[in-house]
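What follows is each chain in one-letter form.
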Amino acid sequence: MTVHELNELLLICSLVLLIAVAAVRISSRSGLPSLLLYLGIGIAIGQDGIFDVRFDDAELTQVIGYAALVVILAEGGLGTKWKEIKPALPAAVMLSTVGVAVSVGVTAAGAHYLVGLEWRQALIIGAVVSSTDAAAVFSVLRKVPLPSRVTGVLEAESGFNDAPVVILVVAFSTAGPVDDWYVLVGKITLELAIGAGVGLATGWLGAYGLRHVALPASGLYPIAVIAIAALAYAAGAMAHGSGFLAVYLASMVLGNSKLPHAPANRGFAEGLGWIAQIGMFVLLGLLVTPHELVHDFWKAVVVGLVLTMVARPLEVFVSLLPFRIPWPEQVLMSWAGLRGAVPIILATIPMVSGVEGSDRIFNIVFVLVVVYTLVQGPTLPWLARALRLGDASDAADLGIESAPLERLRGHLLSVAIPDGSKMHGVEVAELRLPAGSAVTLVVRDGKSFVPLPSTALRRGDELLVVATDPVRDAAERRLRAVGQGGKLAYWLGANGRPGADSAGRGGAARRGRGGVNRRGPSGQGRSSSGSGPGGSGPSGNGSGSDGRETSD
């Protein structure tokens with residue numbers, strides 16, 4: 001490559017990135033999943049497109065796709081809260097193992113009997129589309145207010161099910177007879193065990209090292225975190241385990257450890273994740289030949305119907321049978337099994353292996369992903385509301401971001417009060433924040449002021465709340481409770497709803513209410529003092545500067 005060619009490449013790549021960034025804005029307003037827009041960019045550039053760029057290197061696409069998935073899984077793991085995903089682990093493991101087997105069998109049978117594909121091709125398609133996509137699930141679910149159990153199961157499933165699916169696709173794409181089912185089960189079990197062990201060990205050692213080694217620059221910490229995540233993938237894969245499971249678990253351990261500059265680490269990973277998604281989807285759009293998709297369009301629609309309406313619901317029902325999950329949540333999980341770039345990347349494996357009819361497999365998978373993502377993504381919020389799992393009160397949840405004030409051993413919480421929040425009309429003193437936390441600043445209509453205890457909050461306000469490290473979680477829980485329960489949150493419980501405290505959390509909830517009651521006056525006094533000189537002193541200006549510096 002010459003310098004002139006490099007200049008042209010940089011020009012094209014920068015323009016594609018800028019267009020893709022603008023597409024995110026369109027996606028957020030229209031409700032269309034961004035992956036469709038990125039695929040559209042690739043198709044527009046590629047064959048039959050505006051520039052007619054011819055790209056048919058399936059092996060390079062597979063390699064780049066794997067690298068992108070490592071980054072996407074790392075970003076997803078860093079943003080996954082252990083306390084939310086822990087109760088969902090058994091259900092997610094069942095969906096990623098037993099559920100995958102059910103989905104592969106049902107989808108392959110539909111592809112064989114209804115579409116007429118031979119059994120090997122049908123099994124490959126069944127395995128390829130049985131993997132829910134981490135990028136699609138993470139991007140959509142974090143915009144849709146759902147119960148933590150539902151989001152925890154779906155996020156964990158998307159992080160876990162890549163491993164068994166990759167093993168099945170490789171096994172079905174290998175020349176010669178397919179291994180017996182018990183051999184495949186043994187391989188999957190062994191690779192999952194190795195990947196889990198490598199991922200947890202790498203994450204724990206990496207977190208321990210980052211906490212005890214003082215790096216000379218804050219910008220080195222995010223680089224180190226991503227390097228540890230990539231190391232987990234490489235080590236897991238080299239040990240003949242699941243590298244995808246290893247990187248997800250290692251990143252989850254890192255994300256839930258109290259690492260220095262944690263917001264900067266997540267911000268850096270999020271930026272890399274966006275670049276990985278954009279590059280991966282655009283490249284996949286380049287690889288496809290649009291005029292060839294017409295011949296396999298209805299085959300893809302039929303296979304997608306079998307997958308969406310039969311295989312996925314049956315997979316969820318069989319896998320979650322031991323857990324007695326309510327049927328509305330099972331219906332939502334069935335519809336939220338989003339597919340994205342992962343199945344399309346996995347569809348390149350038979351192309352690289354030279355499987356007969358691999359081009360048809362790729363086209364069917366591509367059309368299936370585009371059509372059903374276009375249907376499922378925008379309708380997911382509607383279905384959640386129809387099932388009363390994502391109503392208006394949930395949609396008005398508070399947006400809270402945390403930046404650690406490391407030198408002060410505290411946190412700066414940025415709280416946005418959306419339309420429909422029951423925090424509207426609540427006075428600052430009525431928040432009853434735990435001792436050690438205080439509202440220090442209110443931004444209203446573009447103007448900021450230090451609130452009084454009697455200041456009534458309004459929709460559209462933005463609050464800055466300073467909380468010490470021991471009460472940071474309690475302060476966030478209290479803010480969310482008031483956002484959902486308003487002034488009655490004190491009597492309704494920690495979640496702001498009657499009877500919301502389950503048996504498993506009842507003790508903690510009662511302790512939380514008792515603590516707020518006993519510390520009520522103290523909490524109000526702290527709020528007042530935080531709003532006065534303390535709010536504009538080190539905990540105000542200093543923390544704000546530190547928070548902005550960290551987030552940058």
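Above this text you will find the structure in question.
Conventions used here
- Residues numbered from 1 in each chain as written.
- Predicted model: local features only at pLDDT ≥ 70, side-chain atom pairs only at ≥ 80, totals over all residues.
- Heavy atoms only, no water.
- Helix = DSSP H or I, 4+ residues; strand = E, 2+ residues; numbered from the N terminus.
- Buried < 20%, exposed > 50% of the residue type's maximum accessible area, 1.4 Å probe, protein only.
- Contact = heavy atoms within 4.5 Å.
- Axes fitted to C-alpha atoms, helices over the stretch in contact; angles between N-to-C directions.
- Parallel < 35°, antiparallel > 145°, perpendicular 65-115°, else oblique.
- Left-handed = near helix turned anticlockwise from the far one by under 90°.
- Nonpolar A, V, L, I, M, F, W, Y, C, P; charged D, E, K, R; others polar.
- Core = buried A, V, L, I, M, F, W, Y, C linked by side-chain atoms within 4.5 Å.
- Polar contact = N/O pair within 3.5 Å; in protein donor to acceptor, adjacent residues only side chain to side chain.
- 1 Å grid on protein atoms, 1.4 Å probe; cavity = no way out; pocket = protein on both sides within 12 Å on 5 of 7 lines; lining within 4 Å.
- Points joined across faces, edges and corners; volume = space filled by probe spheres on them.
- Salt bridge = Lys/Arg side-chain N within 4 Å of Asp/Glu carboxyl O.

Brief notes about the side chain of Glu329
Piece 1. Looking at where Glu329 falls in the secondary structure, it is placed in helix α16 (residues 327-335).
Piece 2. Judged by relative accessible area, Glu329 falls into the buried class, the value being 8%.
Piece 3. Residues contacting Glu329, with those up to four places away along its chain left out, are Arg149, Val150 and Leu389.

Comments concerning the packing of helix α11 (residues 220-238) against helix α13 (residues 262-287)
Piece 1. One way to put it is that α11 packs onto α13 with a least axis distance of 8 Å and a crossing angle of 60°. With respect to each other, α11 and α13 are oriented oblique. Helix-helix and strand crossings are classified by hand; for α11 and α13 the assignment is right-handed. Note on element contacts: α13 touches α11 through Ala264, Asn265, Phe268, Ala269 and Leu272, opposite Tyr221, Pro222, Ile223, Val225 and Ile226.
Piece 2. By residue class, the composition of the contact of α11 with α13 is nine nonpolar, one polar and no charged.

Considerations on the nonpolar core
Piece 1. Residues Tyr66, Val128, Leu168, Met280, Ile344, Leu346 and Val365 are the most contacted members of the largest nonpolar core, which totals 85 residues.
Piece 2. Apart from the residues within four sequence positions on either side, Met280 is in contact with Gly65, Ala68, Leu69, Ile72, Ala341 and Ile345.
Piece 3. Among the nonpolar cores identified, the runner-up in size contains 20 residues, and Leu413, Val426, Leu463 and Ala475 belong to it.

Let's talk about the environment of Ile349
Piece 1. Within the element layout of this structure, Ile349 appears in helix α18 (residues 348-353).
Piece 2. Taking the relative accessible area as the measure of exposure, Ile349 reaches 5% and is therefore buried.
Piece 3. C-alpha of Ile349 to C-alpha of Val169: the two residues are 180 residues apart in sequence and 7.4 Å apart in space.
Piece 4. For Ile349, the residues in contact, after removing those within four places along its chain, are Gln62, Tyr66, Val169, Val170 and Ser173.

A word on the environment of Lys258
Piece 1. Along the chain, Lys258 falls in the loop between α12 (243-255) and α13.
Piece 2. The exposed category is assigned to Lys258, whose relative accessible area is 66%.
Piece 3. Between the C-alpha atoms of Lys258 and Arg211, which are 47 residues apart in sequence, the distance is 7.8 Å.
Piece 4. Discounting chain neighbours no more than four positions away, the residues touching Lys258 are Arg211 and Asp469.
Piece 5. Looking at Lys258, its side chain comes within polar contact range of the side chain of Asp469, at 3.5 Å.

Structural notes on the layout of surface pockets
Piece 1. Approximately 790 Å³ is the volume attributed to the second largest pocket.
Piece 2. If you trace the second largest pocket, you find 28 residues lining it, with Ile12, Cys13, Val16, Val282 and Leu286 closest to the centre.
Piece 3. Sorting elements by how many residues they give to the lining of the second largest pocket places helix α1 (residues 3-30) first, with ten residues.
Piece 4. Grouping the constituent residues of the lining of the second largest pocket by class yields 25 nonpolar, one polar and two charged.

With respect to the pattern of salt bridges
Piece 1. Per the counting criterion, the structure on display carries eleven salt bridges.
Piece 2. Between Asp179 and Lys187 there is a salt bridge, and its shortest N-O distance comes to 2.8 Å.
Piece 3. Classification of Lys187 by relative accessible area gives partly exposed; the value is 37%.
Piece 4. Through salt bridges with shared partners, a single network forms among Lys81, Arg472, Glu476 and Arg480.

In short, geometric facts, not functional conclusions.
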